[in-house]
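Summary of the model geometry
Residue-level listing of the chains:
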Amino acid sequence: MTTQLGLPETIQACLFDLDGVVTRTAVVHAAAWKETFDAFLRERDGADFRPFTDADYDEYVDGRPRADGVRAFLASRGIELPEGSPGDPPDAQTVNGVGNRKNELLLEKIRTQGVEAYDGTLRYIEAVRAQGLRTAIVSSSANTRDVLRSIDAERLFDVRIDGVVAAERKLPGKPRPDTFLAAARDLGVEPSRAAVFEDALAGMDAGRAGRFGYVVGVDRVGQTDALYAHGADRVVKDLAELGGQA
């Protein structure tokens, strides 16, 4: 049996990813990653370098913590860099340096382009809360709080587990389920009574690995089949499809 929110009746809490689910920043992340990796590869391999692709983004980067994304993509090209440290400058030839270059580009794009929310998601979250369910934001981004404040959505979440909190608690990122499990724990609910909302394949993997009660894939880029293959119970193009009125 499902409720008017499109969820099993056993669900007591909803755990939302940020980029691509709540905000339209996934495309901005992808652009910043491409600019970063293409510049790195061009410098390393010359003009005939093989560019970073949308498929690379989906497979190695989307939904993962920044350093994990750098490591995974470079490994796919047979490239290994020293780790460096989180404070490395963006031109450092280290995992952290490349990641910091991407973050620098991302923040510049956000400053110049702004952040836009998905209205269907915000309405759905309002409806979820009106029905008494608890909510959490779960993102690998270290900029989560600033992004939520920019769209006046910080108030919509009882718990925030983001890149900052994950680093403080030493939680591995998606596709491991630890950040989602931490959010459920902070909300005081069992994973089997929590629903995960994700657009990234790594997020689907995390939802499945954590044995959550329901996993909703949000298909913004035409990857419905892949979202189901990675563990989605249901895939929608917008959360408004699930129903619910605040």
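An account of the accompanying structure is given in this report. (Residues numbered from 1 in each chain as written. Predicted model: local features only at pLDDT ≥ 70, side-chain atom pairs only at ≥ 80, totals over all residues. Heavy atoms only, no water.)

Observations regarding the sheet that holds strand E1 (residues 13-16)
What links the strands of a sheet is backbone hydrogen bonding, and the strands pair in either a parallel or an antiparallel sense. As a reminder of what qualifies: The pairing criterion for strands is at least two bridges between them, as found by DSSP. Only DSSP runs of H or I with at least four residues qualify as helices, and only runs of E with at least two residues qualify as strands; both kinds are numbered from the N terminus onward. A fitted line through C-alpha atoms represents every axis, and for helices the fit uses only the stretch in contact; the resulting angles, taken between N-to-C directions, go from 0 to 180 degrees. Residue contacts are defined here by distance: any two heavy atoms, one from each residue, within 4.5 Å place the two residues in contact.
Strand order in the open sheet formed by six strands is E3-E2-E1-E4-E5-E6, with parallel pairing between adjacent strands. The sheet terminates laterally at strand E3 (159-161) and strand E6 (234-236), the two strands that pair on one side only. Along the sheet, successive strands turn relative to each other by an average axial angle of 20°, direction set aside. Relative to strand E4 (residues 194-198), E1 runs parallel, the two being bridged by four bridges. Note on E4: the bridge partner recorded for alanine 13 is alanine 194. Packing against the sheet, helix H8 (residues 178-187) makes contact with E1, strand E2 (134-138), E3 and E4, and its axis sits at approximately 150° to E2.

Some thoughts on empty space enclosed by the protein
For clarity, the cut-off: In this analysis a 1.4 Å probe is tested at points of a 1 Å grid over the protein atoms alone, and where it fits but cannot get out there is a cavity; an open set with protein on both sides within 12 Å along at least five of seven lines is a pocket; lining residues have an atom within 4 Å of a point. Grid points are joined across faces, edges and corners, and a volume is the space filled by probe spheres set on the points. Residues were grouped as follows: Ala, Val, Leu, Ile, Met, Phe, Trp, Tyr, Cys and Pro as nonpolar; Asp, Glu, Lys and Arg as charged; and all remaining residues, including Gly, as polar.
Using the criterion set out here, one finds one cavity of 30 Å³ or more in the structure. Empty space within the largest cavity amounts to approximately 30 Å³. Forming the walls of the largest cavity are Leu18, Asp19, Thr25, His29, Leu106, Ile110, Ser141, Asn143 and Val147. Of the residues belonging to the lining of the largest cavity, the class tally is four nonpolar, four polar and one charged.

Some details on helix H5 (residues 119-130)
We count it as follows: To estimate how far a helix should extend, the number of its residues minus one is multiplied by 1.5 Å.
With twelve residues, H5 should reach 16 Å at 1.5 Å per residue; the first-to-last C-alpha distance of 17 Å fits that figure. Looking at the buried residues of H5, the elements they touch are E1, E2 and E4.

A few points about the pairing of E1
Inclusion rule: Between buried and exposed lies partly exposed: a residue is buried under 20% and exposed over 50% of the maximum accessible area for its type, with that area taken using a 1.4 Å probe on protein chains only.
Here E1 shows no split at all, with Ala13 and Leu15 on one side and Cys14 and Phe16 on the other all buried. Sheet topology note: the E1/E2 ladder contains four bridges and is parallel. By the bridge assignment for E2, alanine 13 is matched with arginine 134.

Some words on the packing of aromatic side chains
Put simply, the test is: Two rings belonging to Phe, Tyr or Trp (six-membered ring only in the last case) form a pair when the distance between their centres is within 6.5 Å. Interplanar angles under 30 degrees mark stacking, angles over 60 mark edge-to-face geometry, and anything in between is tilted.
This structure, assessed with the given rule, holds nine aromatic pairs. Judged by centre distance (4.4 Å) and plane angle (45°), the ring pair of phenylalanine 37 and phenylalanine 73 falls under tilted. Taken as a pair, phenylalanine 37 in helix H1 (residues 26-45) and phenylalanine 73 in helix H3 (residues 66-76) lie far apart in primary sequence, 36 residues in all. A relative accessible area of 0% means that phenylalanine 37 is categorised as buried. Phenylalanine 73 gets classed as buried once you look at its relative accessible area, which sits at 0%. Through successive ring pairs, a cluster of aromatic residues spans Trp33, Phe37, Phe52, Tyr60 and Phe73.

Observations regarding the pairing of E4
Counted residue by residue, E4 has five buried out of five residues, so it is predominantly covered. Neither face of E4 is left uncovered, since the one carrying Ala194, Val196 and Glu198 and the one carrying Ala195 and Phe197 both have all their residues buried. Strand direction decides the pairing type here: E4 and strand E5 (residues 214-218), joined by four bridges, are parallel. Note on E5: the bridge partner recorded for glutamate 198 is glycine 217.

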